[in-house]
Amino acid sequence: MAKLIVTGGKTLCGEVRLQTSKNATLALLAAGVLSEDKVTFLEVPDISDVNHMLCILRSMGAKTRYNGSALTVDYTQITPMVFEESCGKVRASVFLLGPLVGRFRQAELLAPGGCNIGARPLDIHAHIFQKLGCTYLQGERIRVQGEKLVGNKIRLRMPSVGATVNAVCAAVKAEGETVIENVAREPEICDLVAFLRKMGAKIQGEGTPQMIIQGVKKLHGTTYLPQRDRIEGGTFLAAMAITGGEGVILGVKPSYFSPVLEIFLKTACKIQCEDDKIYIRGKKSLAKGVSIKTGPYPGFPTDMQSVMIPVLTKCSSQSTLTETLFENRFSCALELTKMGANISVQKNVAFIRPSCLYGATVTAKDLRAAAGLAVGALAAEGESEILEMEHLLRGYENFQGKLSALGAKLEMFY
Ligand code: UD1
């Protein structure tokens, strides 16, 4: 079991070069199935979710080879039946359904896992496959089958990221045109579309609520550099803000961070953006409290709320954070109370009051909660011990090294 020991109170300053995006990379690794060829992914992050996804792909017959951080996956000989237990460890295993159905007209896999942050139903995924002419059966295993895959008009009940990945990946190989309405507009979806286009797909409208896809007969291999991780970026901005530090995150598209930067500005942090970098200067005491509501992009990212909550304890009056996407996502807020945070949670709203944080032993219950607790511990007086940090290793590469380079005092024990 991994644990992180943090000695709080250091001011974090410096530059951080971000890893490539966990969520984009996982979607691309799945979408590569459509190539029936070799695909090289550049600067692949060294995180356990990627390793689990590669385990699943290898169990299907894919061959993987690293050259430094460049990863070549040979998707030539694979089967659409996935029996690997790793499916239960990552949410993104469900992203394989669309590419497998696109390529083989069938898919079978164990139900996906991922963070325990709510019910996470798959009804929208089912709806997509049914609209494209497939049968969808879900028990312990998910089975999708269709004689033919025929383009259609599909409206998503809500803009689910995973369902959009599956819809786009199935539709690129369907017969004729598919129009998908109310699609997710997350930057990771735009990255997926850029990748599929490089493989020969015909897609328009990414980043808007409607996508139009013309099915093609065949896609081909490619080499691709995924976008940088905006949630990792937000985590380092939070770490610098809460410790009254200053610094720069590099390799980013500032527009992807808009709702997060807006909150930092409201709390009186200084923010400056250039083409591919964001500068922040934090303060140990921030301005008056803010009100945040998570939502699908371009709303405030649910993945950032655990990381932002400790920062809000430094505001001079109460903040509220309303979680609209997942019903069980306040484990970080509740654990932070052990560090002295004055936080209460009622249903889907956390009330965060001005607090002095002190070192304590806390437990990470999911990936982003792990990052949020680390951010809190950096600003706490004394030493904190954060248990079950294997959750953090799912999504953050070299977390300890990057924070140490900014001046933090921390050590990970495995
Ligand atoms: C992805 C991200 C996750 C992020 C989330 C929202 C990956 C690997 N994971 O998860 O980090 O927190 O987007 O930005 O990329 N829903 C349904 N029925 C469905 C599908 C979704 O009701 O069939 C609901 C979910 O319960 C949730 C909301 O839709 O309330 C958004 O979920 P979704 O966008 O699908 O999240 P994931 O793709 O699972």
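Rules used throughout
- Residues numbered from 1 in each chain as written.
- Predicted model: local features only at pLDDT ≥ 70, side-chain atom pairs only at ≥ 80, totals over all residues.
- Heavy atoms only, no water.
- Helix = DSSP H or I, 4+ residues; strand = E, 2+ residues; numbered from the N terminus.
- Buried < 20%, exposed > 50% of the residue type's maximum accessible area, 1.4 Å probe, protein only.
- Contact = heavy atoms within 4.5 Å.
- Areas by Shrake-Rupley, 256 points an atom, 1.4 Å probe, with all protein chains shown as cover.
- Lys, Arg positive; Asp, Glu negative; His and termini not counted.
- Charge placed at Lys NZ, Arg CZ, Asp CG, Glu CD.
- 1 Å grid on protein atoms, 1.4 Å probe; cavity = no way out; pocket = protein on both sides within 12 Å on 5 of 7 lines; lining within 4 Å.
- Points joined across faces, edges and corners; volume = space filled by probe spheres on them.
- Nonpolar A, V, L, I, M, F, W, Y, C, P; charged D, E, K, R; others polar.
- Near = heavy atom within 4 Å.
- Polar contact = N/O pair within 3.5 Å; in protein donor to acceptor, adjacent residues only side chain to side chain.
- Sits in = over half its atoms within 2 Å of the grid points.
- Pairing = 2+ DSSP bridges.
- Axes fitted to C-alpha atoms, helices over the stretch in contact; angles between N-to-C directions.
- Salt bridge = Lys/Arg side-chain N within 4 Å of Asp/Glu carboxyl O.

(A) Structural detail: the overall build of the chain. Along the chain, the regular secondary structure elements total 13 helices and 24 strands. Counting only C-alpha atoms, the chain reaches 60 × 40 × 40 Å along its principal axes. In the chain, which comprises 414 residues, the share counted as buried stands at 59%. Taking the contacts inside the chain whose residues are at least 6 apart along the sequence as the reference set, 73% of them involve residues at least 24 apart. For the chain, the exposed area adds up to about 15800 Å²; of that, 49% sits on carbon and sulfur atoms. For the chain, the centre of its 48 positive side-chain charges and the centre of its 39 negative side-chain charges are spaced 3 Å apart.

(B) Here's a closer look at the layout of surface pockets. Taken as a whole, the largest pocket spans an internal volume of roughly 1000 Å³. As for the largest pocket, its lining consists of 46 residues, of which R120, V161, G162, T302 and F326 are closest to the centre. Contributions of two or more residues to the lining of the largest pocket are made by α1 (22–31), α4 (123–131), α5 (161–171), α6 (187–198), α7 (230–242) and α11 (367–379). For the lining of the largest pocket, the element with the highest residue contribution is α1, accounting for four residues. Looking at side-chain class alone, the lining of the largest pocket contains 23 nonpolar, eight polar and 15 charged residues. Put simply, the second largest pocket is a space of about 160 Å³. Along its surface, the second largest pocket is lined by G9, K10, I242, T243, K284, S285, K314, L378 and A379. The residue makeup of the lining of the second largest pocket, split by class, is three nonpolar, three polar and three charged.

(C) Structural context of the site of the ligand. Around the ligand lies a shell of 19 residues, among which I124, S160, V161, D303 and L325 are the nearest. Measuring from a nitrogen atom of the ligand, one finds a side-chain N or O atom of D123 at 2.8 Å. Protein contacts shield 90% of the accessible area of the ligand, which totals 740 Å² for the unbound molecule. Of all the cavities here, the one that holds the ligand is the largest pocket. Contributions of two or more residues to the shell around the ligand are made by α4 and α5. With three residues, the single largest contributor to the shell around the ligand is α4.

(D) A look at the pairing of strand β3 (residues 38–41). Sheet topology note: the β3/strand β5 (residues 70–74) ladder contains four bridges and is antiparallel. Of the residues in β5, the one forming a bridge with K38 is D74. Here β3 runs beside strand β14 (residues 223–224); their pairing, made up of two bridges, is parallel. Paired with F41 across the strands is Y224, a residue of β14.

(E) Region of interest: α5. Counting buried positions along α5 gives 10 out of 11 residues, so the element sits mostly inside the fold. Its side-chain oxygen placed 3.5 Å from the backbone nitrogen of G162, S160 serves as the N-cap of α5.

(F) Layout of the sheet that holds strand β9 (residues 141–145). A sheet is described by the order of its strands in space; here four strands give the open sequence β6-β7-β9-β8, paired in mixed fashion. Only two strands of the sheet have a single neighbouring strand rather than two, namely β6 (81–82) and β8 (135–138). In this structure, β8 lies alongside β9, joined through four bridges in antiparallel fashion. Residue pairing across strands places T135 opposite Q145, the latter belonging to β9. Against the sheet, helix α3 (residues 97–104) makes contact with β6, β7 (106–110), β8 and β9, and its axis sits at roughly 150° relative to β7, the strand it touches most.

(G) Fine view of α4. For α4, the set of buried residues is I124, H125, A126, I128 and F129. Buried positions along α4 lie against α3, β8, β9, β10 (153–155) and α5. Phi for G133, located one or two positions after α4, is positive at around 100°.

(H) Highlighting the sheet that holds strand β23 (residues 383–387). One open sheet accounts for four strands, arranged β22-β23-β1-β24; its pairing is mixed. Taken across any chain shown, the strands that pair with only one partner, and hence form the sheet edges, are β22 (361–363) and β24 (409–413). When the angles between neighbouring strand axes are averaged without regard to direction, this sheet yields 20°. The sheet contact formed by β22 and β23 spans three bridges and is parallel.

(I) Geometry of the pattern of salt bridges. All chains considered together, the criterion is met by 18 salt bridges. Here R230 and E188 are joined by a salt bridge, their closest N and O atoms 2.8 Å apart. Of this pair, R230 sits in helix α7 while E188 sits in helix α6, and the two are 42 residues apart along the sequence. Here R230 matches E188 in class, with each residue buried.

(J) Examining the environment of A167 more closely. When you line up the elements, A167 lands in helix α5. Along the sequence, A167 and V179 sit 12 residues apart, while their C-alpha atoms lie 9.9 Å from each other. What A167 contacts, discounting residues up to four positions off in sequence, is I128 and I180.

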